[in-house]
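Understanding the architecture of this molecule
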Amino acid sequence: MNNENLIIFDTTLRDGEQSPGASMDIDEKMQIAYALEELNVDIIEAGFPIASQSDFKAVQEISRNIKGSSICALARALEKDIERAADSLIDAKSPRIHTFIATSPIHMEKKLKMQPSEVIKTAVDAIALAKNFTNDIEFSPEDAGRSDLDFLCDVIESAIDAGANTINIPDTVGYNLPHQFGDLIHKIIKNVSNSNKAIFSVHCHNDFGLAVGNSLSAVLNGARQVECTINGLGERAGNAALEEIVMTVRTRQDIFNCDTRINSKMIMKSSRLVSGITGFPVQPNKAIVGKNAFAHESGIHQDGIIKSRETYEIMRAEDIGLVSNSLVLGKHSGRNAFKQKLIDLNIMPKTSSEFEDLFYKFKDLADKKHEIFDEDLINLSSNLSVTANLINFNYMNVVTESGKKPSALIKLEVDGELLEAESKGDGAVDAAFNAIEEIIQSNCKLILYSVNNITSGTDSQGEVTVRITKDKSTYNGHGADTDIVKASVLALINALNKLKQNPNQDSSKKRGV
Ligand code: KIV
Ligand code: ZN
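Residues numbered from 1 in each chain as written. Chains lettered and ligands numbered in written order. Predicted model: local features only at pLDDT ≥ 70, side-chain atom pairs only at ≥ 80, totals over all residues. Heavy atoms only, no water.

When you go through the protein residue by residue, the secondary structure sums to 17 helices and 16 strands. Among the 513 residues that make up the protein, the fraction classed as buried is 54%. Excluding contacts between residues fewer than 6 apart, the proportion of contacts in the protein whose partners are at least 24 apart in sequence is 67%. When the accessible surface of the protein is summed, it comes to about 22,000 Å², and 49% of that surface belongs to carbon and sulfur atoms. Counting 55 positive and 71 negative side-chain charges, the protein places the centres of these two groups 1 Å from one another. (Helix = DSSP H or I, 4+ residues; strand = E, 2+ residues; numbered from the N terminus. Buried < 20%, exposed > 50% of the residue type's maximum accessible area, 1.4 Å probe, protein only. Contact = heavy atoms within 4.5 Å. Areas by Shrake-Rupley, 256 points an atom, 1.4 Å probe, with all protein chains shown as cover. Lys, Arg positive; Asp, Glu negative; His and termini not counted. Charge placed at Lys NZ, Arg CZ, Asp CG, Glu CD.)

Written as structure tokens, this is what we have:
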């Protein structure tokens, strides 16, 4: 292993959450933060505290509970942003403030309406202010990928003089090509006189599908921090995918003279968790974490793999947390086999009561499904329900018949009382949702409904994510079952429980960056 460290800065909870339709509540952010800590991510960018009260609370909560990774909060180069970021980080063991201001001609002229000299002064003042709260300051010249090189070098030199110890170069609009971006990093490090006093980082967007390529080219040219997200989640076409960066660098140690500290065995679990929470399915042919990434269909390939795995595989499925041993679980499997599988998959719960809970869920699933695959278990382990539900599922009877409108009878326990309603709808799920609304009378609006099958086959578990909104607040719900309509009903009940428990959450009220 090479001894230079490549720092992994994960921004799933900040840039990833800015992805349209990916807003998460605090419980969900905490689940992801724990997974990132288990992955051994160096820095977690936990949010943009000035953007909303819920962003502030999420950074605060993550700072209180996560001690294995540094916690970073984003702030524009403005006094109020930096003070808010500092407040949110008070309980963090290793807090970082990340401040930014745009440096490209188009952003300075049209957005900021500032002269270049004002931009430098604003950046320097912001860094000096942030330095009062923590020594760990990251500065980003936003839209660096379209900025004038000489001006960019001036800004960076002043930022380092003011106390920034990480300089992040964002390709904010994903405009660069790999050779060009690598060259930019090389020239910045060469031309900035005090570049030896800072770590250079990159933050690439994926508008041309080049975010990972650009980031890796930057690493080959001296960048030692990469900003990335699980599954490449992020604004527009997303950010560089963490799993792709980590596995490329680790697998091609003949090319890279650095490596990350990431525990790659946790990659699959994190990917499933983020996909389940956001309701953004991972495409089957997605590099590293797609369902087909380690599947071999053609006879020639299968023959080669049987003879020697290396003929068609450049990475081992085990290294990203998939186990390829022959231990297949089913309804007759006992606690020992189940426990061994969880250990192999790196998803063994920390407490015995969590283990028992998971074992119970596994038995329940095994009653409905013949074979339990690794993906089913990863999903079960990351599919945690909210505390003490007010609304609980009791019974459903859904009827669909050609030429007739589907109807659904739903029974729910609401605050201990058994209530029921029957309703029709445009489809089975619609009918079931209408019946639930008749019982709960929430007046919420459904803004996202997403179904993903966890494994292939008609007996596979369907995983449903719903997002509902009421009074400008949004609530996510998740449900999984071998019956898609039941999974949908469970997901809606999950979201409604959050609405009832936390009616004023404001995860949707955001100021954009
Ligand atoms: O894309 C971008 O420029 C950003 C900055 C805030 C680093 O997200
Ligand atoms: Zn970004």
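Okay, the coordination of the zinc ion (ligand 2) next. Protein-derived ligands of the zinc ion (ligand 2) are Asp15 (OD), His203 (NE2) and His205 (NE2), with the metal-ligand distances lying across 2.0 to 2.1 Å. Here the donor residues of the zinc ion (ligand 2) are spaced in sequence according to D-x187-H-x1-H. Both residues of the pair, His203 and His205, count as buried. (Donors = N, O, S within 2.8 Å, 3.2 Å for Na, K, Ca; no water.)

Okay, the site of ligand 1 next. What surrounds ligand 1 is the set Arg14, Asp15, His98, Phe100, Ser140, Glu142, Asn168, Pro170, Thr172, His203 and His205. Here His205 contributes a side-chain N or O atom positioned 3.0 Å from an oxygen atom of ligand 1. Against a free-state accessible area of 260 Å², the protein chains account for coverage of 96% of ligand 1. At the level of elements, helix 1 (12–16), strand 5 (95–102), strand 6 (137–142) and strand 7 (166–171) are the ones that each hand at least two residues to the shell around ligand 1. Classifying every residue of the shell around ligand 1 gives two nonpolar, six polar and three charged. (Near = heavy atom within 4 Å. Polar contact = N/O pair within 3.5 Å; in protein donor to acceptor, adjacent residues only side chain to side chain. Nonpolar A, V, L, I, M, F, W, Y, C, P; charged D, E, K, R; others polar.)

What follows is about the packing of aromatic side chains. Here the structure, examined in full by the defined rule, presents six aromatic pairs. Measuring from ring centre to ring centre gives 5.7 Å for Phe338 and Phe355, while their planes differ by 50 degrees; the resulting arrangement is tilted. With Phe338 in helix 13 (residues 335–344) and Phe355 in helix 14 (residues 352–368), this pair connects stretches of sequence that are 17 residues apart. On the basis of relative accessibility, which here comes to 0%, the residue Phe338 falls in the buried class. Take Phe355: its relative accessible area is 9%, and that puts it in the buried class. Arranged with centres 5.9 Å apart and planes meeting at 40 degrees, the rings of Phe359 and Phe362 form a pair that is tilted. Residue Phe359 and its partner Phe362 are both found in helix 14; the two are separated by three residues, about one turn of the helix. For the pair shown, Phe359 and Phe362 are each scored as buried. Lying across the ring of Phe56, Arg84 places its NZ or CZ 3.7 Å from the centre. Sitting above the plane of the Tyr395 ring, Lys411 keeps its charged end 5.0 Å from the centroid. (Phe/Tyr/Trp six-rings, centres within 6.5 Å; stacked < 30°, edge-to-face > 60°. Lys NZ or Arg CZ within 6 Å of the ring centre and 35° of its normal.)

All we've got here are geometric facts, nothing functional implied.
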